[in-house]
Amino acid sequence: MHAPDLQLPGMPNIHSHAFQRAMAGLAERHKNPTDSFWTWREQMYRFAGRITPEAQYDIAAQLYVEMLEAGYTCVCEFHYLHHQPGGQPYADPAAMSHALIRAARDTGIRLTLLPVLYMTGGFDGRPLSERQRRFGHEVEDYLDLVSLLQREEDDRLKIGIAFHSLRAVPELSMREVLDEIGKDRTPIHIHIAEQLAEVDECKALRGCRPIEWLLANMPVDDRWTLVHATHITPAEANGVAERKAIVALCPTTEANLGDGLFPLREFFDLDGRIGIGSDSNVSVSAVEELRWLEYGQRLITHERAIGITIAEPSVGRCLFEQTVAGGLQSCGQPAQAEDRIVLDPDAPALFGATRDDLHDRFVFGGNRSLIREVHVGGKVAVRDGRHPRRDEIAAAYRKTLTHLLAQA
Ligand code: NGQ
Ligand code: ZN
């Protein structure tokens, strides 16, 4: 019998906040009478307040090693930690962005950097809270940051834009930014409809739901990625699918934060496009994201094999292929035949694998990593399951994390 071809395309990770990797597992205690997304967010803000550009680099380098070893070949960084705590820009106003760019270059992952515009603390236009101040920009300074970063683009670095959320950017400012970038093929990402409180606030202040508002008021098209879109109605899902926008699903983070479940089958029935993101980085595993994407659906529908299309009955292959295609669209980086994963022919979970069952075994077959090699742009980023700089980067991360935790 021939050994099957054990190669898969590299997986794009279309939503990450790198710094949150360093607090993974540290926000899992009952602290309030009603622990929620919003109380988690306060903890996250406190942690964010300690991150310096040097720490940002060390955390991101560690994270990108983990991503590459997990089969992610490209990452979209939804980056809003721009300034010093308190809001003063750094001497290099792009210092925090540069830390991410260096971490990506030093580890070999492709990066779509999405500097985030963050202006207000809620739909009512209230000013940023003390802790949010380091996220903030006026439109003009934001556009300067974007054009400064665009000059550094190369075949592994793409600069897109992002609006943090409808809560954080007034309508007029969104229009100003979009006018400036015009019809460029720039990726445009936004967090939307993740939590019910956001839907309620939007209804109260804008008279409609967040996704409904976005579709009615913004030129949503295939450049756009809607992150989460958890609380979506059938009519909204239809609109998003028609505009060919990507929905970025982040199943492990969405579960961790108690967001809710996106209606996957309904969206697939509309030919909707999706990608996956590791978001808060509580998990750094394409396998775990895909598996939970499917399992969440099974748990609420009491059925099996949800993530399929008429053309593709294998759940593993369908979810893998859909999220690679949607992911590439979302990152705005061309499909690269050289970005690929090579699975381990000696892994027991793959014994007797055929091309037909390979994706299902990869996604549903167990917990040991089945990845032997990862190639990005023709270069080997992972060999024998390891990034060549794993130990050295982990040593720097250990120091940084120890220092960060000592400040608690
Ligand atoms: C973030 N993260 O910006 O890091 C958000 C929380 C917010 C996730 N939603 C903050 N996973 O949405 O205001
Ligand atoms: Zn996010």
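Please refer to the structure placed before this passage.
Residues numbered from 1 in each chain as written. Chains lettered and ligands numbered in written order. Predicted model: local features only at pLDDT ≥ 70, side-chain atom pairs only at ≥ 80, totals over all residues. Heavy atoms only, no water.

1. Digging into the overall build of the chain
Assigned secondary structure in the chain consists of 14 helices and 13 strands. At 20 Å, the chain has a C-alpha radius of gyration in line with the 22 Å of a compact globule built from 408 residues. Expressed along its principal axes, the backbone C-alpha trace of the chain runs to roughly 65 × 50 × 50 Å. In the chain, which comprises 408 residues, the share counted as buried stands at 57%. At a minimum sequence separation of 6, the contacts of the chain that also span at least 24 residues come to 76%. Counting only carbon and sulfur atoms, one obtains 51% of the accessible surface of the chain, whose full area is about 17000 Å². Distance between charge centres in the chain, computed from 44 positive and 58 negative side chains, equals 4 Å. (Helix = DSSP H or I, 4+ residues; strand = E, 2+ residues; numbered from the N terminus. Rg over C-alpha atoms; globule rule 2.2 N^0.38 Å. Buried < 20%, exposed > 50% of the residue type's maximum accessible area, 1.4 Å probe, protein only. Contact = heavy atoms within 4.5 Å. Areas by Shrake-Rupley, 256 points an atom, 1.4 Å probe, with all protein chains shown as cover. Lys, Arg positive; Asp, Glu negative; His and termini not counted. Charge placed at Lys NZ, Arg CZ, Asp CG, Glu CD.)

2. Digging into the site of ligand 1
With respect to spatial proximity, 15 residues lie near ligand 1, and among them Arg41, Tyr80, His164, Arg167 and Glu194 are the closest. Between ligand 1 and the protein, one listed contact pairs an oxygen atom with a side-chain N or O atom of His17 at 3.5 Å. At a separation of 2.7 Å, an oxygen atom of ligand 1 approaches a polar side-chain atom of Tyr80. Burial of ligand 1 by the surrounding chains reaches 100%, relative to a free accessible area of 340 Å². If you map ligand 1 onto the pockets, it falls in the largest cavity. Per-element tally for the shell around ligand 1: the top contributor is helix 1 (residues 37-48), with 4 residues. (Near = heavy atom within 4 Å. Polar contact = N/O pair within 3.5 Å; in protein donor to acceptor, adjacent residues only side chain to side chain. 1 Å grid on protein atoms, 1.4 Å probe; cavity = no way out; pocket = protein on both sides within 12 Å on 5 of 7 lines; lining within 4 Å. Sits in = over half its atoms within 2 Å of the grid points.)

3. Points about the pairing of strand 4 (residues 110-117)
With 8 of 8 residues buried, strand 4 lies mostly within the body of the structure. Here strand 4 shows a buried face lined by Arg110, Thr112, Leu114 and Val116 and a second buried face lined by Leu111, Leu113, Pro115 and Leu117. The sheet contact formed by strand 3 (residues 72-79) and strand 4 spans 6 bridges and is parallel. Looking across to strand 4, one finds that Cys74 is bridged to Arg110. (Pairing = 2+ DSSP bridges.)

4. Examining the packing of helix 3 (residues 95-107) against helix 4 (residues 139-150)
Helix-helix packing is described using two parameters, namely the angle between the two axes and the distance between the axes. Contact geometry for helix 3 and helix 4: axes closest at 11 Å, N-to-C directions at 30°. Here helix 3 lies roughly parallel to helix 4, going by the angle between them. Like other packed secondary-structure pairs, helix 3 and helix 4 cross with a definite hand, here right-handed. The residues of helix 4 that touch helix 3, namely those facing Ser97, His98 and Ile101, are Leu145, Leu148 and Leu149. Of the residues contributing to the contact of helix 3 with helix 4, the split by class is 4 nonpolar, 2 polar and no charged. (Axes fitted to C-alpha atoms, helices over the stretch in contact; angles between N-to-C directions. Parallel < 35°, antiparallel > 145°, perpendicular 65-115°, else oblique. Left-handed = near helix turned anticlockwise from the far one by under 90°. Nonpolar A, V, L, I, M, F, W, Y, C, P; charged D, E, K, R; others polar.)

5. Brief notes about empty space enclosed by the protein
The full count for this structure, using the stated rule, is 3 cavities of 30 Å³ or more. Size it by volume and the largest cavity reaches roughly 180 Å³. Phe37, Trp40, Met44, His164 and His191 are, among the 19 residues lining the largest cavity, the residues nearest its centre. No other element matches the 5 residues that helix 1 contributes to the lining of the largest cavity. Considering only residue class, the lining of the largest cavity consists of 8 nonpolar, 7 polar and 4 charged. Gln20, Met23, Ala24, Gly25, Ala27, Glu28, Trp40, Asn256, Leu257, Ser280 and Val282 together form the lining of the second largest cavity. For the lining of the second largest cavity, the class distribution of residues is 6 nonpolar, 4 polar and 1 charged. (Points joined across faces, edges and corners; volume = space filled by probe spheres on them.)

6. Quick word on the packing of helix 5 (residues 171-181) against helix 7 (residues 210-217)
Put simply, helix 5 and helix 7 touch, their axes get as near as 13 Å, and they point 45° apart. Put simply, helix 5 runs oblique to helix 7. Crossing of helix 5 over helix 7 shows right-handed handedness. Residues Glu171, Met174 and Arg175 of helix 5 touch helix 7, and the partners they reach there are Trp213, Leu214 and Asn217. Looking at the contact of helix 5 with helix 7, its residues break down into 3 nonpolar, 1 polar and 2 charged.

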